[in-house]
Every structure is written in C-alpha cells, then in structure tokens.
Amino acid sequence: MGTMTSHSGEEIFGFSGPVAKGLAVTVLMAAVAVFLFSLPEQSYAWHGSRDLVRKLFFLPLLLSAVWFGGPGAVVSTAVVTLICGGAMVASGSGDLAAQIGEVGELGVFWMVGALAANFFEQQKKHIRSMEEANENTLVALASALDVREHGTGLHSQRVADYTLRLAEEMGIREKESLAVIGKGALLHDVGKIGVPDSILLKPEPLSESDWKVMRTHPEVGNRMLRKIGFLRDPAEIVLCHHEKVDGTGYPRGLKGEEIPLGARLFAVIDVYDALTTARPYHDASSHAAALEVLRAEAGKQFDPAVVDVFEKVPASVWQSIASRASGDA
C-alpha cells in the first residue's frame, strides 16, 4: 500500500512543508542576529544582554534538529557560529577570560546541535517503527476479514492501492491526506466483524432482514475506528463508503459533496474491483465492461468527476496495481 506517513500541512509565508520550516529557521536566526548587532557596542551595561541574546540562537538550532535532523543542525550551527563570531570580533573585547568564554559558548552551540540532532533522529526512527507496526497490524486485520468473507487476503490491499492511485490522479499530493484515504480504503469493511457468518457467508440471496443487519457494517466500523486517534479521519470514509451521490445510499443518505472525497473515490474503486475479479456469483468482467457500468452510474451512484478521472487511467495501470497487490510483480 502507498505510504501512510503523516505529514504536516502547516503554511508559513505562503509556503508549506520543508520550505516553510527552512524559512522559519532563517527568519528566526536573522531576527536574533539583528537584535544582537543592534545592542550598543563597548557598553558594559549591555554586556550581559549580549550574552542573553546569543542564547536565543539555541531556538533555531533545536528547530533545525527537529525538522531536518543532523544536516539541518550542522548548517544552522555553522551559520550561528559565523554570526556570533562576527559579533564577538565586532565587540573587540581584550579580556582573555571573556574571549575564552565566548569560544566556549560557540562550542556549546555545536554540542547542543549535535545532541539535539541525535535525539530527534532516534525519536523519528522510533515513530517510523511504530507507524510501520501499526500499518502491518491494519493490513493483517483487513486480510483476515477478506479471508473470512472472500477466501482471499487480497481484496482490501488491492482496493487500497487502487484508491491511492486514483487519489493521486485527482491531484491529491499531501501525504497526510493520502494516508487517511489509504487507511479508509483498507479498512472499509472492518465493521463486518459484527455481521454473523450466517448472513455474511449466506450462499443464497439475502432477505430484507439480512440486509438490515448487513447495512449496519459502516456504522459498526466507524464506531470501532473513531475511538483510535490516528484512525479517526479514516473512520469517516468507512462510515460513508456505501453512500451514493444521488442520496440513495446508506447509512445517512448523503448527497454529492456531502460525501467525503475519499469515500467518493473508494465507491468507484470498490465496484470496479468487484466487477473485475471473479466472485462465487459471477465471473470477472473486462476493464471495458466495468467502465460501461461506471459510466452508467455516474451522477447516480458515483461522482461523475471521479469516474472521468478513473477512465483516463489506462487499463494496464490498474492491472499492474492488481498484480503488485497479489505479489505477482
């Protein structure tokens, strides 16, 4: 499945991501430097203030270590060293003890930068390890549900990969948004845990009372997932994955853009996958035949804009994704 690593979407000075963070560090260092050089020179009364202002450089060093790790901390510490060195030369102190103290302060900058970078790199590795473990657990859960219902552990992984590709085709690039969509697609049927085997695995058509129970699975899945912090947003996709753009879906009868985009993407993918894979009750349809069904339901079951984008993707792309999900490629 595509990456689910969370990504901050904060915006600074009209920029986002690493560019925004780099600008924030640069502006902060520049502000401290201006403050430092604006203090009166050769003023005994302001000597202590210069020492205090130089301490403010620890803030951009720590931010660089948090955001950019070792390389960022080295660059920021080098810049701070140049600024502080220039300020020390400009002050022209002839006191040997003061000069030794100033050099020692520069050494402290390097020590803090190195320790902070190492600490936050270790924290990031720990977080990545936890995220990988969480993702593996989710995949295992989805596969177990597939084995129970379909006799295969591939359906949920395949539709998750399909949905992520469709999301990218729709112009979604933010890692956080893609992670939400991927998790929602992977866990779309988790609520079927609450559906008895006598209904879920029933070989003949379901009765009206059976369907009443079956249609509870989006709400059951939503209640399960929304209690978990990092699954709260995917839980909305799980809740809405059987809604239809004309308002005839369930459980809430949402219409059009009232339905989360991730659920509108998944709705197209879920039907496409159901049509193009062999099931006990039908043979696998061709890509072209599945497209005809999607076109016919555009504006009724599906968002027409999503169907249009899906149709522009060559069949070979979807086939390649299916092969990767099954381990054939």
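These remarks concern the structure in this document. (Residues numbered from 1 in each chain as written. Predicted model: local features only at pLDDT ≥ 70, side-chain atom pairs only at ≥ 80, totals over all residues. Heavy atoms only, no water.)

## Some remarks on the overall build of the protein
To keep it simple, the criterion reads: Strands are runs of DSSP state E lasting at least 2 residues, helices are runs of H or I lasting at least 4, and numbering of each runs from the N terminus. Buried residues are those whose accessible area, probed at 1.4 Å on protein chains only, stays under 20% of the maximum for their type, while exposed residues exceed 50% and partly exposed ones sit between those limits. Only heavy atoms matter for contacts: two residues are in contact if any of them lie within 4.5 Å across the pair.
For the protein, the count of helices and strands is 14 helices and 2 strands. The buried share of the protein, reckoned over its 329 residues, is 39%. Residue pairs in contact within the protein that sit at least 24 positions apart in sequence constitute 61% of those at least 6 positions apart.

## A word on the nonpolar core
The line we're drawing: We call a set of buried Ala, Val, Leu, Ile, Met, Phe, Trp, Tyr and Cys residues a nonpolar core when their side-chain atoms join them within 4.5 Å.
Core analysis: the largest hydrophobic core is formed by 48 residues, its most contacted members being Leu166, Leu294, Phe310 and Trp318. For this core, the element with the highest residue contribution is helix α11 (residues 261-276), accounting for 9 residues. Each residue touching Phe310, except ones within four places of it in the same chain, is listed here: Leu166, Val268, Ile269, Tyr272, His287, Leu291, Leu294 and Trp318. Residues Ala33, Leu36, Phe58 and Phe109 belong to the second largest nonpolar core, which totals 16 residues.

## Focus: unusual backbone geometry
The phi torsion of most residues other than glycine is negative, and most of the peptide bonds are trans. With an omega of 10 degrees, the peptide bond between Tyr250 and Pro251 qualifies as cis. For Pro251, the position within the fold is in the loop between α10 (232-240) and α11.

## Considerations on the packing of aromatic side chains
Each aromatic ring pair is specified by the distance between its two centres and by the angle formed by the two planes. Counted only if it meets this: What counts as a ring pair is set by centres within 6.5 Å for rings of Phe, Tyr and Trp (its six-membered ring), and what kind of pair is set by the plane angle: stacked under 30 degrees, edge-to-face over 60, tilted for all other angles.
Under the counting rule described, the total for this entry stands at 8 aromatic pairs. Centre to centre, the rings of Tyr162 and Tyr272 are 5.8 Å apart; their planes meet at 75 degrees, and the pair counts as edge-to-face. Separated by 110 residues along the polypeptide, Tyr162 in helix α5 (residues 155-169) and Tyr272 in helix α11 bring together distant segments of the chain. A ring pair is formed by Tyr162 and Trp318, whose centres lie 5.6 Å apart and whose planes are at 80 degrees; its orientation type is edge-to-face. Placement of the pair is Tyr162 in helix α5 and Trp318 in helix α14 (residues 315-326), with a sequence separation of 156 residues.

## Here we look at the pattern of salt bridges
Using the following cut-off: The term salt bridge refers to a side-chain nitrogen of Lys or Arg lying within 4 Å of a carboxyl oxygen of Asp or Glu.
Scanning all chains against the criterion turns up 9 salt bridges. Across the pair Asp189 and Lys192 runs a salt bridge whose closest N-O atoms are separated by 3.3 Å. Each of the two residues, Asp189 as well as Lys192, counts as buried. Across the pair Glu292 and Arg295 runs a salt bridge whose closest N-O atoms are separated by 2.4 Å. A residue pair is termed a helical-turn pair when its members lie 3 or 4 positions apart in one helix, as Glu292 and Arg295 do in helix α12 (residues 287-297) at 3 residues.

## Describing helix α13 (residues 304-312)
For clarity, the cut-off: Here, the arc refers to the directions that run from the helix axis to the C-beta atoms.
Taken together, the buried positions of α13 are occupied by Val306, Val307, Val309 and Phe310. For α13, the buried positions fall inside an angular range of 165 degrees around the axis, keeping them on one side.

## Here's the deal with the packing of α5 against helix α6 (residues 175-186)
Filter applied, for reference: Structural elements are reduced to axes, namely lines fitted to C-alpha atoms, with helices fitted over the stretch in contact, and the angle between N-to-C directions of any two is expressed from 0 to 180 degrees. Angle categories are assigned with fixed cut-offs, so that under 35 degrees is roughly parallel, over 145 is roughly antiparallel, 65 to 115 is roughly perpendicular, and the rest are oblique. Take the far helix as your reference; a near helix turned counterclockwise from it by less than a right angle gives a left-handed crossing, and one turned clockwise gives a right-handed crossing. Under the grouping applied here, Gly and all other residues not named as nonpolar or charged are polar, the nonpolar ones being Ala, Val, Leu, Ile, Met, Phe, Trp, Tyr, Cys and Pro and the charged ones Asp, Glu, Lys and Arg.
Interaxial distance between α5 and α6 falls to 8 Å at its minimum, and their mutual angle equals 150 degrees. Overall, the two elements α5 and α6 adopt an arrangement that is roughly antiparallel. The handedness of the crossing between α5 and α6 is right-handed. The residues of α6 that touch α5, namely those facing Ser156, Gln157, Val159, Ala160, Thr163, Leu164, Ala167 and Glu168, are Leu178, Ile181, Gly182, Ala185 and Leu186. Grouping the constituent residues of the contact of α5 with α6 by class yields 8 nonpolar, 4 polar and 1 charged.

## Describing the packing of α6 against α10
Where α6 contacts α10, the two axes come as close as 8 Å, and the packing angle between them is 50 degrees. With respect to their mutual orientation, α6 and α10 come out oblique. As for the relative orientation of α6 and α10, their crossing is right-handed in sense. In this structure, α6 contributes Val180, Ile181, Lys183, Gly184 and Ala185 to the contact, and α10 contributes Asp233, Pro234, Ile237 and Val238. Split into classes, the residues belonging to the contact of α6 with α10 amount to 6 nonpolar, 1 polar and 2 charged.

## Remarks on the environment of Ala274
Looking at the element boundaries, Ala274 is found in helix α11. The sequence separation of Ala274 and Ala284 amounts to 10 residues, and the corresponding C-alpha distance is 8.2 Å. Once residues within four sequence positions are removed from consideration, Ala274 is found in contact with Arg279 and His282.

## Regarding α11
Definition in use: One less than the residue count of a helix, multiplied by 1.5 Å, gives the span that helix is expected to have.
Counted at 1.5 Å a residue, the expected span for α11 with its 16 residues is 22 Å, and the 23 Å between its end C-alpha atoms agrees. Across the 16 residues of α11, 14 count as buried, placing the element largely inside the fold.

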